[in-house]
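Given next are the chains, with one letter for each unit.
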Amino acid sequence: MKYTLEQITRGEDEIIIRYKSMTPEVEKIIGFLQDKQKFLYGNLENEKVIVKLSQILYVESVDGRTYGYTDSQVVRLDYSLAQLEGALDDINFFRCSKSMIINIDKVKTLRSLASNRIEATMCNGESVLISRTYASDFRKRLKRGIEP
């Protein structure tokens, strides 16, 4: 299958799929684009696993490796934190520190701390710090989300 990538400077992002016949490969691509439930691929106990984005509480980079944390497991992901930041930015994930991205939908409570930091308590009770470098953007992101 041939594909072309073209970066644009203005206008809306657009994906055009041209095909002669509806093959399983084309169906898979269309299914991925239409699927609201996105996935990440990783490793858990030496097995390849698929993790739904909706299950991920946060993603963290530790010693050059990236891990996705869910309620019940820690999965080593096959992506760098920089790759995930770009891919997840429009899906309610937010870079909250140099080494972490949180799922905003999984935040239960927020508490302002000294030095302009924010403590986010996740739905599983775990606390995550939003560093002062990212706190201002986080507040703006939340405000955008509640305005009509």
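In case you missed it, the structure is sitting above this.
Now for a description of the structure that goes with this document.

Let's shift gears to the pairing of strand 10 (residues 127-130). Taking every second residue as pointing to the same face, the buried face of strand 10 carries Val128 and Ile130, while none of Ser127 and Leu129 on the other face is buried. Relative to strand 10, strand 9 (residues 118-122) runs antiparallel, the two being bridged by four bridges. When the bridges of strand 10 are listed, Glu119 appears paired with Leu129.

Moving on to the pattern of salt bridges. Summed over the entire model, instances satisfying the criterion amount to three salt bridges. Its salt-bridge partner being Arg95, residue Glu85 comes within 2.7 Å of it at the nearest N-O pair. With Glu85 in helix 2 (residues 81-88) and Arg95 in strand 6 (residues 93-97), this residue pair connects regions lying 10 residues apart in the sequence. Between Glu119 and Arg111 there is a salt bridge, with its nearest N and O atoms 2.8 Å apart. For Glu119, a relative accessible area of 18% translates into the label buried.

The rules behind these values
- Residues numbered from 1 in each chain as written.
- Predicted model: local features only at pLDDT ≥ 70, side-chain atom pairs only at ≥ 80, totals over all residues.
- Heavy atoms only, no water.
- Buried < 20%, exposed > 50% of the residue type's maximum accessible area, 1.4 Å probe, protein only.
- Helix = DSSP H or I, 4+ residues; strand = E, 2+ residues; numbered from the N terminus.
- Pairing = 2+ DSSP bridges.
- Salt bridge = Lys/Arg side-chain N within 4 Å of Asp/Glu carboxyl O.

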